[in-house]
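# Summary of the model geometry
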Amino acid sequence: MPVDFSGTWNLVCSDNFEGYMLALGIDFATRKIAKRLKPQKVIEQEGDSFSIQTTSAFRSYFVQFKIGEEFEEDNKGLDHRKCKSVVTWDNDKLVCVQTGDKKNRGWTHWIEGDQLYLELCCEEQVCTQIYKSA
Ligand code: VL7
């Protein structure tokens with residue numbers, strides 16, 4: 001049985017979100033607002049199907065995918081760059097590769113204890129976030 005990421009998760013800490021946003025070319029004013037946000041994630045996992053709704057007071061983002069099936073991502077409200085994305089399992093980690101204009105773009109989710117981890121990568125930048133069950 002794979003790990004179950006389902007639930008409502010609140011951001012508790014974030015490291016190098018600024019570096020990640022800079023790598024994505026997010027402008028100063030947007031970064032200033034974005035770095036103060038405490039987003040909430042609602043993850044639904046049913047077999048190989050996932051949806052992840054990330055909500056904040058400023059912008060929100062929704063993504064839906066099936067393990068191993070490539071999909072188009074528009075990153076609407078974020079950096080707006082289109083990507084071909086695919087999510088796979090790496091043992092108990094959920095790994096998304098986002099192929100597009102930016103090198104080494106993607107994210108990884110895993111659970112440790114009662115915390116949900118998210119590592120966001122773009123070019124040389126890695127942002128690590130920790131979420132706790134709401
Ligand atoms: C999505 C933000 C910076 C713009 C606003 C920040 C709003 C809340 O990819 C992500 O999550 C995955 C894995 O859970 C599922 O989509 C992270 C946030 C990346 C990039 C762009 C700053 C403006 C944050 C949506």
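Use the structure listed above.
Throughout what follows, the structure given in this document is the object of discussion. (Residues numbered from 1 in each chain as written. Predicted model: local features only at pLDDT ≥ 70, side-chain atom pairs only at ≥ 80, totals over all residues. Heavy atoms only, no water.)

## As for the site of the ligand
The test is simple: Whether a residue is near a molecule or strand depends on its heavy atoms: if one lies within 4 Å, it is near. Pairs of N or O atoms within 3.5 Å make up the polar contacts considered here, provided that, within protein, one atom can donate a hydrogen while the other can accept it, and that residues adjacent in sequence are counted only when both atoms are side-chain atoms. Here the Shrake-Rupley method, with its probe set to 1.4 Å, supplies the accessible areas, and only the displayed protein chains count as covering residues. The way it works is that DSSP assigns letters per residue, a run of H or I at least four long becomes a helix, a run of E at least two long becomes a strand, and they are numbered from the N terminus. For this scheme, ten residues count as nonpolar: Ala, Val, Leu, Ile, Met, Phe, Trp, Tyr, Cys and Pro. Four count as charged, namely Asp, Glu, Lys and Arg, and the remainder, Gly too, count as polar.
Surrounding the ligand, one finds 20 residues, the nearest of these being Ile26, Lys41, Tyr61, Val63 and His109. Contact distances for the ligand include 2.7 Å between an oxygen atom and a side-chain N or O atom of lysine 41. Within the side chain of histidine 109, a nitrogen or oxygen atom sits 2.7 Å from an oxygen atom of the ligand. When the free accessible area of the ligand is taken as 620 Å², the share hidden by the protein chains comes to 97%. Among the elements that line the shell around the ligand, the one with the most residues is helix 1 (residues 17–23), at three residues. Per-class residue counts for the shell around the ligand are 15 nonpolar, three polar and two charged.

## Some remarks on the sheet that holds strand 6 (residues 83–90)
Put simply, the rule reads: Paired strands are those between which DSSP finds at least two bridges. Angles here are taken between N-to-C directions and fall from 0 to 180 degrees, while the axes themselves are lines fitted to C-alpha atoms, restricted in helices to the stretch in contact.
One open sheet holds the ten strands; their spatial order is 4-3-2-1-10-9-8-7-6-5, and the pairing between them is antiparallel. Of all the strands in the sheet, the pair left with one neighbour each is strand 4 (61–66) and strand 5 (71–73). Taken pair by pair, the neighbouring strands of this sheet meet at an average axis angle of 25°, ignoring direction. Bridge count between strand 5 and strand 6: three bridges; the pairing is antiparallel. Bridge pairing in strand 6 links glutamate 72 to lysine 84.

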